[in-house]
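Commentary on secondary and tertiary structure
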Amino acid sequence: METEIIRIKKDKGEGLSPEDLKNIEHAGEIIKKGGLVAFPTETVYGLGGNALEPESSKKIYAAKGRPSDNPLIVHICDFKDVYEIARDVPEEAVKLAEVFWPGPLTMILKKKEIVPNETTGGLDTVAIRFPSDIVARELIRASGGFVAAPSANISGRPSPTEVKYVIEDMSGRIGAIIDGGEGEIGIESTIVDLTVNPPVVLRPGFITNEMIGSVLGEGIETDRAIIDADSGLKPKAPGMKYRHYAPKGELVIVEGKDEEVLSRINELLKEDRASGFKTGVICCDENSDRYDADAIKLSGKKGDTKEAAHRLYSILRSFDDENVEKIYSEGFDREGFGAAIMNRLLKAAGHKIINLNQVERGRK
Ligand code: AMP
Ligand code: MG
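Since we're looking at a predicted model, the values are computed, not measured.

Counting its regular elements, the protein contains 12 helices and 17 strands. C-alpha extents for the protein along the principal axes are approximately 55 × 45 × 35 Å. On the protein, the mean spot of the 50 positive side-chain charges and the mean spot of the 61 negative ones are 3 Å from each other.

Looking now at helix α6 (residues 134-142). Within the span of α6, buried status applies to Val 135, Ala 136, Leu 139, Ile 140 and Ala 142. Around the axis of α6, the buried residues are gathered within 165° of arc, so they sit on the same side. Its side-chain oxygen 2.8 Å from the backbone nitrogen of Val 135, Asp 133 forms the N-cap of α6. A positive backbone phi angle near 105° is found at Gly 144, which sits one or two residues after α6.

Across the sheet, 5 strands lie side by side as β15-β14-β16-β13-β17; this open sheet has parallel pairing. Lying at the two open borders of the sheet, with one neighbouring strand each, are β15 (295-298) and β17 (353-355). Each strand of the sheet is rotated relative to its neighbour by a mean of 20°, with strand direction disregarded. Inspection of the sheet shows strand β13 (residues 250-255) paired to strand β16 (residues 326-330) by 5 bridges, in the parallel sense. Residue Val 252 lies in a different strand from β16, and its bridge partner there is Tyr 328. Along the sheet, helix α10 (residues 258-274) makes contact with β13, β14 (279-283), β16 and β17, crossing β16 at roughly 175°. Where helix α12 (residues 338-348) meets the sheet, its contacts fall on β13, β14, β16 and β17, and the angle it forms with β13 comes to roughly 135°.

Before going further, it helps to examine unusual backbone geometry. A cis amide bond links Trp 101 to the next residue, Pro 102, at an omega of -5°. Mapped onto the fold, Pro 102 is located in the loop between α4 (91-100) and β6 (105-111). The residue after Asn 197, namely Pro 198, is reached through a cis peptide bond having omega 0°. With respect to the secondary-structure elements, Pro 198 resides in the loop between β10 (190-193) and β11 (200-203).

Around ligand 1 lies a shell of 21 residues, among which Asn 70, Thr 125, Pro 150, Arg 203 and Gly 239 are the nearest. Between an oxygen atom of ligand 1 and a side-chain N or O atom of Ser 151, the distance comes to 3.2 Å. A distance of 2.9 Å separates an oxygen atom of ligand 1 from a polar atom in the side chain of Arg 203. When ligand 1 sits alone it has 500 Å² of accessible area, and the protein chains cover 96% of it. Sorting the residues of the shell around ligand 1 by element identifies β7 (125-129) and β11 as the ones contributing at least two each. With 3 residues, β7 is the single largest residue contributor to the shell around ligand 1. A class-by-class count of the residues in the shell around ligand 1 yields 14 nonpolar, 4 polar and 3 charged.

Attention now moves to the pattern of salt bridges. For the coordinates displayed, the defined rule picks out 27 salt bridges. For Asp 179, the salt bridge identified is with Arg 7, shortest N-O distance 2.8 Å. Highlighted residues: Asp 179 in strand β9 (residues 176-179) and Arg 7 in strand β1 (residues 4-7), separated in sequence by 172 residues. In this structure Asp 179 comes out as buried when scored by relative accessible area, which is 14%. Salt-bridge contacts for Arg 273 lead to Asp 294; the nearest nitrogen and oxygen are separated by 2.7 Å. Here the residue Arg 273 occupies a position in helix α10, and Asp 294 occupies one in the loop between β14 and β15, the gap between them amounting to 21 residues.

The next thing to look at is the confidence of the model for the protein. This prediction gives the protein a mean pLDDT of 93; 95% of its residues lie at or above 70. Counting interchain partners and residues more than four positions distant, the pLDDT-below-50 stretch residues 360-364 has 14 contacts.

Glancing now at the environment of Glu 307. Checked against the element boundaries, Glu 307 lands in helix α11 (residues 305-321). Discounting residues that sit within four places of it in the chain, Glu 307 has contacts with Ser 299 and Gly 300.

Take the packing of aromatic side chains next. Here the structure, examined in full by the defined rule, presents 4 aromatic pairs. Where Phe 206 meets Phe 337, the ring centres are 5.1 Å apart and the plane angle is 85°; that geometry is what we call edge-to-face. Note that Phe 206 is positioned in the loop between β11 and α8 (209-216) and Phe 337 in the loop between β16 and α12, a separation of 131 residues in sequence. According to the relative accessible area criterion, Phe 206 is partly exposed, its value standing at 26%. Taken together, the ring pairs connect Phe 79, Tyr 83, Trp 101 and Phe 130 into an aromatic cluster. One residue, Lys 297, lies across the ring of Phe 319, its end atom 6.0 Å from the ring centre. Sitting over the ring of Phe 277, Lys 326 keeps its end group 4.8 Å from the ring centre.

Definitions and cut-offs
Residue numbers restart at each chain and count upward from 1, following the sequence in its written direction. Each chain takes a letter, starting from A, and each ligand takes a number, starting from 1, following the order in which they are written. It should be noted that, the model being predicted, local features are given only for residues of pLDDT at least 70 and side-chain atom pairs only at 80 or more, the latter also being counted only at that level, while totals for whole chains, interfaces and linings use all residues. Remark: hydrogens and water are excluded; side-chain values derive from all non-hydrogen atoms of the structure. Helix and strand assignments come from DSSP, with helices taken as H or I runs of at least 4 residues and strands as E runs of at least 2, each series counted from the N terminus. In this count, Lys and Arg are taken as positive residues and Asp and Glu as negative ones, while His and the chain termini are left out. Every charge is mapped onto a representative atom, which is NZ of Lys, CZ of Arg, CG of Asp or CD of Glu. Residue exposure (1.4 Å probe, protein chains only): buried if accessible area is under 20% of the type maximum, exposed if over 50%, otherwise partly exposed. Starting at the helix axis, one direction is taken to each C-beta atom, and the arc is that of these directions. What qualifies as a polar contact is a pair of N or O atoms within 3.5 Å, subject to a donor-acceptor requirement within protein and to the restriction that residues adjacent in sequence count only when both atoms come from side chains. Pairing between two strands is assigned when DSSP locates at least 2 bridges connecting them. Lines fitted to C-alpha atoms define the axes here, with helix axes fitted over just the stretch in contact, and angles between the N-to-C directions of these axes take values from 0 to 180 degrees. The contact rule is simple, with two residues in contact once any of their heavy atoms fall within 4.5 Å. A cutoff of 4 Å decides nearness: a residue is near a molecule or strand if any of its heavy atoms lies inside that distance of it. Surface exposure here means Shrake-Rupley accessible area, sampled with a 1.4 Å probe, where a residue is shielded only by the protein chains that are shown. Residue classes follow a fixed rule: Ala, Val, Leu, Ile, Met, Phe, Trp, Tyr, Cys and Pro count as nonpolar, while Asp, Glu, Lys and Arg count as charged, and any other residue, Gly among them, counts as polar. Throughout this description, the term salt bridge denotes a Lys or Arg side-chain nitrogen within 4 Å of a carboxyl oxygen of Asp or Glu. Residue-level confidence of the predictor is what pLDDT reports, using numbers from 0 through 100. Aromatic rings from Phe, Tyr and Trp, taking only the six-membered ring of Trp, are treated as a pair when their centres fall within 6.5 Å; an angle between ring planes under 30 degrees marks them as stacked, one over 60 as edge-to-face, and anything in between as tilted. Two thresholds decide whether a charge sits over a ring: the Lys NZ or Arg CZ must be within 6 Å of the ring centre and within 35 degrees of the ring normal.

In structure tokens:
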């Protein structure tokens, strides 16, 4: 299959040109006819198909090589469309939508019959998001209003934040790829389950538990199964159980006091280099010249979680581009948005972590 590349000329904040709109209209037609289109969002690139057509959802799973029990998020471009696909919509959903939509928040609600089981992985709930990216919104409108879209990567690889990685993974597999520049946030939406009381966060993201809690007036917890990999619990978001976001090289996180982390990583790098491995490090800007590794990737200023999230997946992909075999990352503070970064980093590392503050529990 030949994949069309559609380039959007939008300058951030300037809106879309008539030519952009025409091209998006064309991409919408591809989805309406049962095809797939990758498109930019404020989080990562999505791989979109008609959410109400079982055949389209099947094509999404096939293009990604994604296990079919891992449900898709349905993207909408108007809040009132929630009522078309969800039933018993609770007051909390309306409150959260008022504050966080359009934006990087996905809500799990009870599904209506109209949403096929192929889209929800057989669940009787549906994940819904109203993205803020203007290209995403126009595409959803042009596609008929309900676009099922997981991240536009081959299953198991880091989500694409730049179009070159979408092209790498999806070229030849789908109808079109819309190039809309880099996603601002860089990691996937927060998922909150509103079918339980109190609501539970199933995947941390830019919208933190504190932000959700402040709107709902109650403390919000994260699904225990994803906080502690050793809990033996099954994550409520089926996708969270898969190893994910992984670079091809082995990644280990080292957490602890700054200087101790530095010297431990340097020790490990020395051993790996002696064994002939190509090595890499993810560290804050301040430590850029303090590691002896083949590839050093900077996550931004220390404590700048927004910048770290924005860069994370491109960093993981760049290690693959450079064939790095052993990678070490400094840990991030787990407060606020940092929780989402550590969640993704831990998954990328297959939960291999050396915590210098505790007894070592790396599982090498
Ligand atoms: P992705 O599309 O790659 O961002 O992944 C979507 C995530 O949403 C996966 O972790 C899914 O398991 C999760 N998800 C989608 N629908 C549901 C649902 N109805 N209930 C729980 N989790 C869901
Ligand atoms: Mg994904």
